[in-house]
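Descriptive analysis of the structure
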Amino acid sequence: MMRKVLVAALVLVLLGGVGMGWFAKFQRSMIFPGPEGVTVPLLHRFASEVGATELQIPTEDGETVYGWHRNAIGDGPKRVVLYFHGNASSVLAQIDLQDRLNQEGWDFVGIHYRGYPGSTGEPSETGTRLDAKAAWDWIAHTLGVPPSRVVIHGRSLGGGVAAQLASNVEPGGVVLESTFTSIADLAKEQFLGFPIGPFLSHPFLTRELAGAIRAPVLVAHGGSDSLINIKHGRKLAELFSAETFVEAPGLDHNNVLFEGSYQDQYIAFLEKAVPSDTP
């Protein structure tokens, strides 16, 4: 949730029931604000610079999602990180991490949710499920990669998307970075205890999916996250029985989490979840 949610909270305090109606109508723009300054020509330019293949993946309901595929450096059986970005982000985020993945023998596949640059439609929780499944199917059918050799990685809002997908497929591993137990829980905190649950069209109940995910899980969270409090990460690590929990002291929500030793821990988790020499 972006800082504008705090402004909306003040509106609710001032307007009460009227504010609740406003929230129900306009929550999409708060939950899915989209990345500022990211245009399709910019995506084309960066894709060319980093050697990414640009994707147009059809969904089951007739939309098309934009994405990148970056091939691993070297030969051998493919391993893929399927990445879901945050609500105001894009595939341009964390290119350095993409580079490291390629160097370590991992393909990178990332998509933009419907309504984001290059993708058709309007974003919604239901829509992101279909977008994620389309990307998963593309990896299986076009790249021919078995589920056990795919790690699903979601950051912030993308953690909710990643958990939903992982609860319905059988990946080799799951990474939940700087994400929430649910948007319903997060909104209750941001809106000073107002009972807004019934008004949420996109609750992303990540905490309820723990029992449906059997793959090893890494949970990572900044210790000074001012948008999604560290208690969300700690609770997810507990609920999902995380094999690895990375708490990064002093890092806020928009800091790059997987740098330095934290990046090494991330790569170590991937290598344990899907070793390079497994068929």
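Heads up: the structure comes first, above all this text.
Residues numbered from 1 in each chain as written. Predicted model: local features only at pLDDT ≥ 70, side-chain atom pairs only at ≥ 80, totals over all residues. Heavy atoms only, no water.

This paragraph deals with the layout of surface pockets. Its volume calculated, the largest pocket comes out at about 240 Å³. Split by residue class, the lining of the largest pocket holds 4 nonpolar, 8 polar and 1 charged. (1 Å grid on protein atoms, 1.4 Å probe; cavity = no way out; pocket = protein on both sides within 12 Å on 5 of 7 lines; lining within 4 Å. Points joined across faces, edges and corners; volume = space filled by probe spheres on them. Nonpolar A, V, L, I, M, F, W, Y, C, P; charged D, E, K, R; others polar.)

The alternating pattern of strand 8 (residues 244-248) places Thr-244, Val-246 and Ala-248 on a buried face, while none of Phe-245 and Glu-247, on the opposite face, is buried. Relative to strand 8, strand 7 (residues 217-222) runs parallel, the two sharing 5 bridges. In the sheet register, His-221 faces strand 8, and the bridge partner there is Glu-247. Taken together, strand 7, helix 8 (residues 230-239) and strand 8 form a β-α-β motif whose crossover is right-handed. (Buried < 20%, exposed > 50% of the residue type's maximum accessible area, 1.4 Å probe, protein only. Helix = DSSP H or I, 4+ residues; strand = E, 2+ residues; numbered from the N terminus. Pairing = 2+ DSSP bridges. Right-handed = clockwise from strand over helix to strand, strands pointing away.)

Here helix 4 (residues 95-103) crosses helix 9 (residues 260-273) at 45°, and the two axes come no closer than 12 Å. Considered as vectors, helix 4 and helix 9 are oriented oblique to each other. Handedness of the crossing formed by helix 4 with helix 9: right-handed. Facing Leu-97, Arg-100 and Leu-101 of helix 4, the residues of helix 9 in contact are Gln-263, Asp-264, Tyr-266, Ile-267 and Leu-270. (Axes fitted to C-alpha atoms, helices over the stretch in contact; angles between N-to-C directions. Parallel < 35°, antiparallel > 145°, perpendicular 65-115°, else oblique. Left-handed = near helix turned anticlockwise from the far one by under 90°. Contact = heavy atoms within 4.5 Å.)

Our next topic: the packing of aromatic side chains. What describes a pair of aromatic rings is the distance from one ring centre to the other and the angle between the planes of the rings. Taken as a whole and judged by the stated rule, the model has 5 aromatic pairs. Ring centres of Tyr-113 and Tyr-116 lie 5.6 Å apart, and the angle between their planes is 85°; on these two criteria the pair is classed as edge-to-face. Take Tyr-113: its relative accessible area is 0%, and that puts it in the buried class. Taking the centre distance of 6.3 Å and the plane angle of 65° together, the rings of Phe-180 and Phe-204 count as edge-to-face. A residue pair is termed long-range when its members are at least 10 positions apart, and Phe-180 in the loop between strand 6 (173-177) and helix 7 (183-190) and Phe-204 in the loop between helix 7 and strand 7 qualify at 24 residues. (Phe/Tyr/Trp six-rings, centres within 6.5 Å; stacked < 30°, edge-to-face > 60°.)

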